[in-house]
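Per-entry structural report
Spelled out, the chains give:
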Amino acid sequence: MIAKTEEDIAGLKEIGSIIRTVLDEMEAAVRPGISTWDLDQIAGKLFKEHGARSAPMLAYNFPGYSCISVHDEAAHGIPGERVLIEGELVNIDVSAEKNGYWADSGRSIPVGDTPSHLLELCKATKASLEAGLKAAKAGNQLNMIGRAVEQVATKRGYRIIDGLVGHGVGRNIHEPPEVHNRFQPSMREKLEEGLVITIEPFLTKGVGRYKEADDGWTLLTWDGSPSAQYEHTLIITKGAPIILT
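Notes on the structure in this doc start here. (Residues numbered from 1 in each chain as written. Predicted model: local features only at pLDDT ≥ 70, side-chain atom pairs only at ≥ 80, totals over all residues. Heavy atoms only, no water.)

1. Things to note about the sheet that holds strand 12 (residues 219–221)
Heads up, the rule is: Strand pairing follows a simple DSSP-based rule, namely that at least 2 bridges must link the two strands. Only DSSP runs of H or I covering at least 4 residues are called helices, and only runs of E covering at least 2 are called strands; the numbering of each starts at the N terminus. Orientation is described by lines fitted to C-alpha atoms, with helices fitted over the stretch in contact, and by angles between N-to-C directions that extend from 0 to 180 degrees.
Read from one edge to the other, the open sheet built from 3 strands follows the order 3-12-11, with strand pairing classed as antiparallel. The open sheet is flanked by strand 3 (73–75) and strand 11 (210–212), the only strands paired with a single partner. Taking the axes of each pair of neighbouring strands and ignoring which way they run, one obtains an average angle of 45° across the sheet. Strand direction decides the pairing type here: strand 3 and strand 12, joined by 2 bridges, are antiparallel. Bridge pairing links Glu 73 to Leu 220 in strand 12.

2. A word on the pattern of salt bridges
Operational definition: What counts as a salt bridge is simple: a side-chain nitrogen of Lys or Arg found within 4 Å of a carboxyl oxygen of Asp or Glu. With a 1.4 Å probe rolled over the protein chains alone, any residue whose accessible area is under 20% of its type maximum counts as buried; one over 50% counts as exposed, and the rest are partly exposed.
Scanning all chains against the criterion turns up 11 salt bridges. With its nearest N and O atoms 2.7 Å apart, the salt bridge here joins Arg 107 to Glu 27. In this pair, Arg 107 sits in strand 5 (residues 101–110) while Glu 27 sits in helix 1 (residues 6–29), placing the two residues 80 residues apart along the sequence. Taking relative accessible area as the criterion, Arg 107 reaches 15% and is therefore assigned buried. The salt bridge partner of Glu 97 is Arg 53, with a shortest N-O separation of 2.9 Å. Here the residue Glu 97 occupies a position in strand 4 (residues 89–98), and Arg 53 occupies one in strand 1 (residues 53–54), the gap between them amounting to 44 residues. Using a relative accessible area of 6% as the deciding quantity, one classes Glu 97 as buried. Judged by relative accessible area, Arg 53 falls into the partly exposed class, the value being 44%. Among the ionic contacts, a cluster of salt bridges with common partners joins Asp 24, Glu 27 and Arg 107.

Interpretation note: all reported values are geometric properties and have no functional meaning in isolation.
Below is the structure:
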């Protein structure tokens, strides 16, 4: 989507703010012993209160209001009976729609007292996202985002999980372009002012590949290594992007 009007920007800001509120409430509830189903019910309750709808339910008939992925589940985990354990990472990915505007955000959250190597993984993933955001400027090539993300990840000793990428968003949950977390020489198109995208690095100490679980939704790291992801939806401008989430 290209956000061209004040109405567009206001609508995107509204859904972005709702998603941020939902994520904050869910993060506050993360603790050892809570089930991923219980966490997901917080999202469902808040969506209803704010007049929003779950994007994965709406677009893909996903069996949950949000995607909740634990430990070696890199993405698209189904909320259910799984109980969080002290020292794990849980990734919560919240995307939603209101009044025809869509946005998407996620974050990895330590569960209780978490080992330092997992906290460092989170820090590196956040730093990679921040680098990508700095490169997201009108006139820059799309592949500069991936180059910035990859440089930070590599410098800190982590691997990008190939195939898990950011995307356009705004009028649907997944729109062009794909926003890769590695430098892609062929992706030379210029970022346009008003373009709405997500940036979402996925980092791991493992091999940097994923596989699909038997449930048909959950994406697992190939070698069982933990991973982390942080994601924002943003509007491209000539300067710093407008971060909606």
